[in-house]
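Chain and residue survey
For reference, the chains in residue letters:
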Amino acid sequence: VNPDVVTCTSVLQALEEAGYWKEAVELLEAMEAESLFLAVDTADERESCSYPPPNIYSYASAISACFRCGMVEEAIAILDRLSTSTSRKLIPKTWVYNRALRALMNPHQSVHGKLNKNDR
């Protein structure tokens, strides 16, 4: 069974909360590449599945994970990739920049789910 974007984004959010910025970036990059990975390796059988393309929430979680762990350059690089995306679905909204700014100002606090209606 292939994971959907909601599942992958939930994993990214969990990685953000746990402080695993590198794993969050790797998952986002795999989603961007829509690459295959080995999910199960039992005996002589290998099953693979593909990642879905990321959505705006996937990027926001990876950006927050990087900022939260002090990986400012990595977070800005992801924000740049998002900003230069050719997909109309991935145009960063104000709340994404607000989340990034909040994470930069408060690097040791979670920013997930703490947006008020003025941030959207």
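Residues numbered from 1 in each chain as written. Predicted model: local features only at pLDDT ≥ 70, side-chain atom pairs only at ≥ 80, totals over all residues. Heavy atoms only, no water.

Moving on to the overall build of the chain. Within the chain one finds five helices and two strands. What you see in the chain, going N to C, is helices and strands ordered as α-α-β-β-α-α-α. By the burial criterion, 36% of the 120 residues in the chain qualify as buried. (Helix = DSSP H or I, 4+ residues; strand = E, 2+ residues; numbered from the N terminus. Buried < 20%, exposed > 50% of the residue type's maximum accessible area, 1.4 Å probe, protein only.)

It is worth spelling out the confidence of the model for the chain at this point. When pLDDT is averaged across the chain, the result is 78; 73% of the residues are at 70 or more. Per-residue pLDDT stays below 50 along residues 111-120; that stretch engages in 19 contacts with residues further than four places along the chain or on separate chains. (pLDDT = per-residue confidence, 0-100. Contact = heavy atoms within 4.5 Å.)

Our next topic: the side chain of Thr9. Along the polypeptide, Thr9 turns up in helix H1 (residues 5-18). Given the relative accessible area of 6%, Thr9 is considered buried. Among the polar contacts made by the side chain of Thr9, one reaches the side chain of Ser58 at a distance of 2.7 Å. When residues no more than four places from it in sequence are discounted, the contact partners of Thr9 are Asn55, Tyr57, Ser58 and Ser61. (Polar contact = N/O pair within 3.5 Å; in protein donor to acceptor, adjacent residues only side chain to side chain.)

Once that is clear, we can look at the packing of aromatic side chains. Under the counting rule described, the total for this entry stands at one aromatic pair. Look at Tyr57 and Trp95: their rings are 5.1 Å apart centre to centre, the planes differ by 25°, and that puts the pair in the stacked class. One end of the pair, Tyr57, is in helix H3 (residues 56-68); the other, Trp95, is in helix H5 (residues 94-105), and 38 residues separate them in sequence. Under the relative-accessibility criterion, Trp95 is labelled buried at 9%. (Phe/Tyr/Trp six-rings, centres within 6.5 Å; stacked < 30°, edge-to-face > 60°.)

Below, the discussion takes up helix H4 (residues 72-83). Taking 1.5 Å of rise per residue, twelve residues should cover 16 Å, and H4 covers 16 Å from first to last C-alpha, within 8% of that figure. Residues of H4 that are buried include every one of Ala75, Ile78, Leu79 and Leu82, and no others. Seen along its axis, H4 keeps its buried residues to an arc of 100°; they face one direction. Those residues of H4 that are buried lie in contact with helix H2 (21-33), H3 and H5. (Expected span 1.5 Å × (residues − 1). Arc of directions from axis to C-beta.)

For the rest of this paragraph, the subject is the environment of Arg99. Looking at the secondary structure, you find Arg99 in helix H5. When its relative accessible area of 6% is taken as the criterion, Arg99 is described as buried. The sequence separation of Arg99 and Phe67 amounts to 32 residues, and the corresponding C-alpha distance is 9.9 Å.

With that settled, consider the pattern of salt bridges. Evaluated as defined, the whole model comprises two salt bridges. Residues Arg68 and Glu17 are paired through a salt bridge, measuring 3.6 Å at the closest nitrogen-oxygen approach. Within this pair, whereas Arg68 is found in helix H3, its partner Glu17 is found in helix H1, the two being separated by 51 residues in sequence. (Salt bridge = Lys/Arg side-chain N within 4 Å of Asp/Glu carboxyl O.)

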